[in-house]
Amino acid sequence: MSNEAAIEQEIQGKGLNAPRLTPEHIDSMIVAGSYHVFPGTTVTVCCLTLRNGFTVVGESACASPENFDESIGRKIAHDNAREKIWQLEGYLLRQQLYELQGNVESAS
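Throughout what follows, the structure given in this document is the object of discussion. (Residues numbered from 1 in each chain as written. Predicted model: local features only at pLDDT ≥ 70, side-chain atom pairs only at ≥ 80, totals over all residues. Heavy atoms only, no water.)

## Thoughts on helix 3 (residues 70–100)
To keep it simple, the criterion reads: Here a strand is any run of E in DSSP of at least two residues, a helix any run of H or I of at least four, and the numbering for each starts at the N terminus. Helices are assigned an expected span. That span is 1.5 Å times one less than the residue count. Every residue pair with non-hydrogen atoms within 4.5 Å of one another is taken to be in contact.
When the terminal C-alpha atoms of helix 3 are compared, their 45 Å separation across 31 residues agrees well with the 45 Å that a helix rising 1.5 Å per residue should span. In the core, the buried residues of helix 3 are packed alongside helix 1 (3–13), helix 2 (23–29), strand 1 (30–37), strand 2 (44–50) and strand 3 (55–60). Positioned one or two residues after helix 3, Gly 102 has a phi angle of 85 degrees, which is positive.

Following this line, the structure appears as structure tokens:
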């Protein structure tokens, strides 16, 4: 079981049900992903496109070229990009909760 899955299981087990993000929500935000390995390097970049068109980028690199494996590089780069979505969606949820508390300021 991944650490993320274990944490999710613990949250559910404790009945913590206030508005929050879930791994499923984060995954549902992703509509496309593309990868690029820079020629002659071990650098792999993953660009994830979100439902609203925003993109996040994650990267990976291998210190020893002999250990480079493209599929592992893609997974690490994807995980690094996905981690950024948690921050963005966390900010958005907090803003929505703030506004629901009547803390909406005019834009003028």
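Right, picking up where we left off after that structure.
## What to know about the pairing of strand 1
Which entries qualify depends on this criterion: Two strands pair if DSSP finds at least two bridges between them.
Bridging between strand 1 and strand 2 involves 7 bridges; their strand directions are antiparallel. Residue Val 37 lies in a different strand from strand 2, and its bridge partner there is Thr 44. Between strand 1 and strand 2, which pair antiparallel one after the other, the connecting turn spans 6 residues, and Gly 40 there sits at a positive phi close to 75 degrees.

## Notes on the nonpolar core
Defined as follows: Here the nonpolar core consists of buried residues drawn from Ala, Val, Leu, Ile, Met, Phe, Trp, Tyr and Cys, with membership extended through side-chain atoms lying within 4.5 Å. Buried, partly exposed and exposed residues are distinguished by accessible area as a fraction of the type maximum, computed with a 1.4 Å probe on protein chains only: under 20%, between the cut-offs, and over 50%, respectively.
Grouped together as the largest cluster of nonpolar side chains are 11 residues: Leu 21, Ile 26, Met 29, Cys 46, Leu 48, Leu 50, Val 56, Ala 77, Ala 81, Ile 85 and Leu 93. For this core, the elements supplying multiple residues, two or more each, are helix 2, strand 2 and helix 3. Among the elements that line this core, the one with the most residues is helix 3, at 4 residues. Sequence-distant contacts of Ala 77, that is, excluding residues within four places in its chain, are made with Thr 44, Val 45, Cys 46, Gly 58, Glu 59 and Ser 60.

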